[in-house]
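Below are the chains, spelled out letter by letter.
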Amino acid sequence: MKKIIALFTSLLVFTCAMFAADPAAGLWKSIDDKSGKVTAIWRIYEENGMLFGTIAATTDKPQDVIADACKESYKNFPVSGAVNKMHTVGTPWIFNMKKDAEGSWKNGNIIDPSNGKMYGCVIKYLNTGEKNKSHTAKEPTLAMAGTVGPIQVFQYWVQATEADIKEAQEKNPAKN
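Owing to the predicted nature of the structure, the values given are computational and were not obtained by experimental measurement.

This next bit is on the side chain of S30. Position of S30 relative to the elements: it lies in strand 1 (residues 26-31). We classify S30 as buried; its relative accessible area is 3%. A distance of 2.6 Å separates polar atoms of two side chains, one belonging to S30 and the other to T39. A polar side-chain atom of S30 sits 3.2 Å from a polar atom in the side chain of W42. Once residues within four sequence positions are removed from consideration, S30 is found in contact with K37, V38, T39, A40, W42, Q155 and W157.

Next up, the structure:
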């Protein structure tokens, strides 16, 4: 009987580990390199083996702002319809990321909804103390790179909470 319980427990632990979310998935605050201010709160999630990201809350605009600076369409955009008529919040601006390794994603795209520019995208999860280029993570961090050809420009995002989303929504409520 003890062997059966031990086997069942081991199987349960192994199964849970297999279905654990990638460490890049979750809520993250994007931070402007120059000002150090939080620009948005993102929800990063895995779907059908790819990684996506939507803005869960804006920090400086109403929650129902339209991404009218965007083009009408983008190659491989995961949602049908005119992109320049979509809300900034809730639209998958990070899309079609392919897993390179646990916490490491590449070959996808990111669109900056404030100006409509699309870039290649690389995402790396960093544990506290881990380095990426000259940055050392002081807490769990996402190293987010917009790429143009071989050039990568990194931003470092920190973890967020549902309370952060609620606070941003209260400070910048929807206008309609």
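More follows now that the structure is in view.
Caution applies to low-pLDDT parts of the model: their predicted coordinates are not meant to be read in detail. Across the chain, pLDDT averages 90, with 89% of residues at or above 70. When the criterion is pLDDT under 50, residues 2-19 qualifies, and its contacts beyond four places in sequence or with other chains add up to zero contacts.

For the rest of this paragraph, the subject is the sheet that holds strand 5 (residues 104-111). Spatially, eight strands are ordered 1-2-3-4-5-6-9-10 in a closed barrel, and the strand pairing comes out antiparallel. Pairs of neighbouring strands in the sheet enclose a mean axial angle of 35 degrees, with direction left out of account. The strands touched by helix 2 (residues 162-171) within the sheet are strand 1, strand 2 (38-47) and strand 3 (50-58), with strand 3 carrying the most contacts at an inclination of about 45 degrees.

The biggest cluster of nonpolar side chains holds 27 residues, and the ones touching the most others in it are W93, I94, I123 and L142. Breaking this core down by element, the ones donating at least two residues are strand 2, strand 3, strand 4 (92-101), strand 5, strand 6 (118-126) and strand 9 (141-148). Among the elements that take part in this core, strand 4 stands out by supplying four residues, more than any other. Leave out the neighbours within four places in its chain, and L142 touches A24, W28, I44, I123, K124, Y125, Q155, Y156 and W157.

Residues D164, I165 and A168 constitute the buried set of helix 2. The arc enclosing the buried residues of helix 2, seen along the axis, measures out at 100 degrees, which places them on a common side. Residues of helix 2 that are exposed and point more than 90 degrees away from the buried face comprise A163 and E170. As for helix 2, its buried residues are in contact with strand 1, strand 2 and strand 3.

Tracing the sequence through the fold places K99 in strand 4. Looking at K99, the relative accessible area reads 39%, which means it is partly exposed. Along the primary structure K99 and G49 are separated by 50 residues, whereas in three dimensions their C-alpha atoms are 7.6 Å apart. A polar contact of 3.2 Å, which involves the side chain of K99, links it to the side chain of D22. Among the polar contacts listed, one links the side chain of K99 to the side chain of E102, at a separation of 3.1 Å.

Right, let's get into the packing of aromatic side chains. Taken as a whole and judged by the stated rule, the model has seven aromatic pairs. Judged by centre distance (6.1 Å) and plane angle (50 degrees), the rings of F77 and W93 are tilted. In this pair, F77 sits in the loop between strand 3 and strand 4 while W93 sits in strand 4, placing the two residues 16 residues apart along the sequence. Judged by relative accessible area, F77 falls into the buried class, the value being 12%. Relative to Y156, the ring of F154 has its centre 6.0 Å away and its plane inclined at 15 degrees; by these criteria the two rings are stacked. Taken as a pair, F154 and Y156 share a single burial class, namely buried. Pairwise contacts between aromatic rings join Y74, F77, W93 and F95 into one cluster.

Further remarks concern the pattern of salt bridges. Note that side chains of opposite charge can pair when their charged atoms are close. What the rule picks out here adds up to six salt bridges. Two residues, D164 and K29, come together in a salt bridge whose shortest N-O distance is 3.6 Å. Pair noted here: D164 is in helix 2 and K29 is in strand 1, with a separation of 135 residues, a long-range link. For the salt bridge of E167 with K171, the shortest nitrogen-to-oxygen distance reads 3.2 Å. Pair noted here: E167 and K171 are both in helix 2, with a separation of four residues, about one helical turn. A relative accessible area of 60% places K171 in the exposed class.

Rules and cut-offs
Residues numbered from 1 in each chain as written. Predicted model: local features only at pLDDT ≥ 70, side-chain atom pairs only at ≥ 80, totals over all residues. Heavy atoms only, no water. Helix = DSSP H or I, 4+ residues; strand = E, 2+ residues; numbered from the N terminus. Buried < 20%, exposed > 50% of the residue type's maximum accessible area, 1.4 Å probe, protein only. Polar contact = N/O pair within 3.5 Å; in protein donor to acceptor, adjacent residues only side chain to side chain. Contact = heavy atoms within 4.5 Å. pLDDT = per-residue confidence, 0-100. Pairing = 2+ DSSP bridges. Axes fitted to C-alpha atoms, helices over the stretch in contact; angles between N-to-C directions. Core = buried A, V, L, I, M, F, W, Y, C linked by side-chain atoms within 4.5 Å. Arc of directions from axis to C-beta. Phe/Tyr/Trp six-rings, centres within 6.5 Å; stacked < 30°, edge-to-face > 60°. Salt bridge = Lys/Arg side-chain N within 4 Å of Asp/Glu carboxyl O.

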